[in-house]
Amino acid sequence: SGSKCEVKVLEPGEFLKALNEKLQEELSEYADSGELVELADIVEVIYAIVRCQGMDIEEFEKMRKDKLEKKGAFEKRLFLCWVVAESTE
């Protein structure tokens, strides 16, 4: 292709920062385009962040499913508009 590039191995902290920036980039691309292929990119970045944080994907998926059981999902299209906290007095 005639193109040239430079690559380097990032330190763990730099890598996590770069992944977080990449996640924002991919989220923006999805928001602009609405294309499902962008969601696949987002999932890959999320999985890379999970691994960078020292968790394997299976453990992450278990955590996600546990939270889903406790908090629910988005199937009913419900949107929480506001919450009033109860007084602790």
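Details of the structure are given in the entry above.
Rules of the game
- Residues numbered from 1 in each chain as written.
- Predicted model: local features only at pLDDT ≥ 70, side-chain atom pairs only at ≥ 80, totals over all residues.
- Heavy atoms only, no water.
- Core = buried A, V, L, I, M, F, W, Y, C linked by side-chain atoms within 4.5 Å.
- Buried < 20%, exposed > 50% of the residue type's maximum accessible area, 1.4 Å probe, protein only.
- Helix = DSSP H or I, 4+ residues; strand = E, 2+ residues; numbered from the N terminus.
- Contact = heavy atoms within 4.5 Å.
- Expected span 1.5 Å × (residues − 1).
- Arc of directions from axis to C-beta.

Further remarks concern the nonpolar core. L16, L19, L23, I42, V45, A48 and I49 together form the largest nonpolar core, which totals 7 residues. Broken down by secondary-structure element, the contributors of at least two residues to this core are α1 (12-33) and α2 (36-52). Residue contributions to this core peak at 4 residues, all from α2. Setting aside residues up to four positions removed in sequence, L23 forms contacts with I42, V45, I46 and I49.

Here we come to α1. Over its 22 residues, α1 runs 31 Å from end to end, which matches the ideal 32 Å to within 8%, given 1.5 Å per residue. Along α1, the positions that sit buried rather than exposed are L16, L19, L23 and E26. Down the axis of α1, the buried side of the element spans an arc of 80°, and every buried residue falls inside it. Of the residues in α1, the exposed ones pointing more than 90 degrees away from the buried face are G13, K17, Q24, A31 and D32. Check the buried side of α1 and you find it contacts α2.

Treat this as a map of the structure, not an account of what it does.
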